[in-house]
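One-letter residues, chain by chain:
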Amino acid sequence: MRAYMNTISNPWRVFDELMSGFPYDLVNNALRTRSGYYPRVNVWESGQGLVVEAEVAGVEPDKMDVAVDANVLTLKGERTQADGTAGEFQRSFNLPFELDGENIKAKAKNGVLTVTIPRKASAEKRKILIEKE
Amino acid sequence: MNLLRKSEPDVQKVNRLEVTPVARVDEKESAFALTVELPGVSDKDIEITLENRTLSITAENTVGIFKDYELVLTEIPEVRYRAAFDLPERVDTAGIKASNANGLLILTLPKREEVKPRRIAITAG
């Protein structure tokens, strides 16, 4: 009965259980390490662009990679896991506008990576005029 | 405790979610290394106390606020990390050292002299 109640409160439970054995998290578009880790993020948006803050404790700044391809932002990194092996993680975000990959600013402080990316000039928010007939 | 009478910063403190940080212990020949993940925590927001043989760690993270931007996805809450460890007799509590880099707090817990492995030479008889 309890198992059944759990399914009501979280209809994705069975799906989550099935997917937990699979290294690619489809819902969050992220590659998990063997320890099940991928960075948590806060995303801020404005007319100018995006600010993404990601928790990357224990990742050396030179082992991190931020890439932009049109409207997809990818955060990648490598860190040493508890058992001493290297774990790779990756997380991508599909955005509703294109980003300017040339002008990314990224800094790491206390295990938090802050990435500032402007919108592509052509992707600035604009109002579309409706023509009258 | 009357929350209504508390000043603003105190109320915020009460509201913070309390979580246990991810931690691990590695044993080396002369010391234990206790690693605690504290992303977004500055040195000044970490409090490490030792009472009898209980080592307590309390830390608060700082979440960035960006003016003129709108928060569209929140996965990182403001939290208070709290962890306590009972240290074994083998640890020399006077020699504990702490360092904080890349969001990892590393505590070096040296072993007491008498429990360190040592080589015993055979005296020629």
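What counts and how
- Each chain carries its own residue numbering, running from 1 in the direction its sequence is written.
- Ligands are numbered from 1 and chains lettered from A, in the order in which they are written.
- With pLDDT at 70 or above as the cut-off, local features in this predicted model cover only qualifying residues; side-chain atom pairs require 80 or more to be listed or tallied, and sums for whole chains, interfaces and linings still use all residues.
- Secondary structure counts use DSSP, requiring at least four H or I residues in a row for a helix and at least two E residues in a row for a strand, with both numbered from the N terminus.
- Residue burial is a threshold on neighbouring C-beta atoms within 10 Å of the residue's own C-beta, all placed from the backbone, with 20 or more meaning buried, 12 or fewer meaning exposed, and counts in between meaning partly exposed.
- By definition, two strands form a pair when at least two bridges between them are found by DSSP.
- Simply put, an axis is a line fit to the C-alpha atoms, just over the touching stretch for a helix, and the angle between two N-to-C directions goes from 0 to 180 degrees.
- Note on contacts: residues are paired as contacts if their backbone-placed C-beta atoms lie within 7 Å.
- Note on residue classes: Ala, Val, Leu, Ile, Met, Phe, Trp, Tyr, Cys and Pro are nonpolar, Asp, Glu, Lys and Arg are charged, and everything else, Gly too, is polar.
- We call a set of buried Ala, Val, Leu, Ile, Met, Phe, Trp, Tyr and Cys residues a nonpolar core when their C-beta atoms link them within 7 Å.
- Summary of the metric used: pLDDT quantifies the predictor's per-residue confidence within the range 0 to 100.

> Help me out: how do you make sense of the overall build of chain B in this one?
Scanning chain B for helices and strands turns up one helix and nine strands. Listed N to C, the secondary structure of chain B is α-β-β-β-β-β-β-β-β-β in terms of helices and strands. By the burial criterion, 14% of the 125 residues in chain B qualify as buried.

> What am I meant to see in the sheet that holds strand S1 (residues 17-19) of chain B here?
What links the strands of a sheet is backbone hydrogen bonding, and the strands pair in either a parallel or an antiparallel sense. Residue and element names in this part refer to chain B. Taken in spatial order, the four strands make up an open sheet running S1-S7-S5-S4, and their pairing is mixed. Every interior strand has two partners, whereas the edge strands, S1 and strand S4 (46-51), have only one. Going from strand to strand, the sheet's axes swing by 20 degrees on average, the running direction of each strand aside. Here S4 runs beside strand S5 (residues 54-60); their pairing, made up of six bridges, is antiparallel. Paired with Glu-51 across the bridge in S5 is Thr-54.

> I tried to follow the interface of chain B and chain A on my own but got confused; where do I start?
At the junction of the two partners, chain B supplies 22 residues and chain A supplies 20 residues. Of all the elements, strand S6 (residues 70-74) of chain B adds the most residues to the side of chain B that touches chain A, at five residues. When the residues that make up the side of chain B that touches chain A are grouped by side-chain class, the tally is eleven nonpolar, six polar and five charged.

> For this particular structure, what's the right way to read the pairing of strand S3 (residues 41-45) of chain A?
Within a regular strand, side chains alternate between the sheet's two faces. Taken across its five residues, S3(A) has four buried, putting it largely inside the fold. Note that S3(A) and strand S4 (residues 49-55) of chain A share five bridges and pair antiparallel. Following the sheet pairing, A:Glu45 is matched in S4(A) by A:Leu50. As consecutive antiparallel partners, S3(A) and S4(A) are separated by three residues. Examined bridge by bridge, S3(A) and S6(B) share four bridges and lie antiparallel to one another.

> What should I look at first to understand the nonpolar core in this one?
As a rule of thumb, nonpolar side chains are buried together in soluble globular proteins. Counting 30 residues, the largest nonpolar core has A:Leu50, A:Val52, A:Ala54, A:Leu73, A:Leu99, A:Ile117 and B:Leu38 as the members making the most contacts within it. Looking at this core, the elements with two or more residues in it are S3, S4, strand S6 (72-80) and strand S9 (112-118) of chain A together with strand S3 (31-37), S5 and strand S9 (104-110) of chain B. Apart from the residues lying within four places of it in its own chain, the contact partners of A:Leu50 are A:Val43, A:Trp44, A:Glu45, A:Leu99 and A:Ile117.

> Help me out: how do you make sense of the environment of A:Lys120 in this one?
Residues and elements named next belong to chain A. By the secondary structure assignment, Lys-120 is in the segment after S9. Sequence-wise, Lys-120 and Asn-103 are 17 residues apart; in three dimensions their C-alpha atoms are separated by 9.5 Å. Sequence-distant contacts of Lys-120, that is, excluding residues within four places in its chain, are made with Glu-98, Leu-99 and Asp-100.

> Help me out: how do you make sense of the confidence of the model for chain B in this one?
Low-pLDDT portions of the prediction should not be read for the details of their coordinates. Residue and element names in this part refer to chain B. For chain B, per-residue confidence averages 86 on the pLDDT scale, and 89% of positions sit at 70 or higher. Looking at the elements of chain B, mean pLDDT is at its lowest for helix H1 (residues 8-15), recorded as 57, and at its highest for S5, recorded as 95. In the predicted assembly, ipTM is 0.75 and pTM is 0.72.

> Hey, could you run me through the environment of B:Arg16 in this one?
Residues and elements named next belong to chain B. Structurally, the position occupied by Arg-16 is in the loop between H1 and S1. A residue is classified by how many C-beta atoms lie within 10 Å of it, and Arg-16, with 14 of them, is partly exposed. Arg-16 sits 21 residues away from Glu-37 along the chain, and the two C-alpha atoms are 18 Å apart. Residues contacting Arg-16, with those up to four places away along its chain left out, are Glu-60, Glu-78, Val-79 and Arg-80.

> When you look at the pairing of strand S5 (residues 64-69) of chain A in this model, what are you seeing that I'm missing?
Residue and element names in this part refer to chain A. Bridge count between S5 and S6: six bridges; the pairing is antiparallel. Each bridged residue has a counterpart across the sheet, and for Met-64 the counterpart in S6 is Gly-77. Where S5 hands over to S6, the hairpin turn is made up of two residues, of which Ala-70 adopts a positive phi near 55 degrees.

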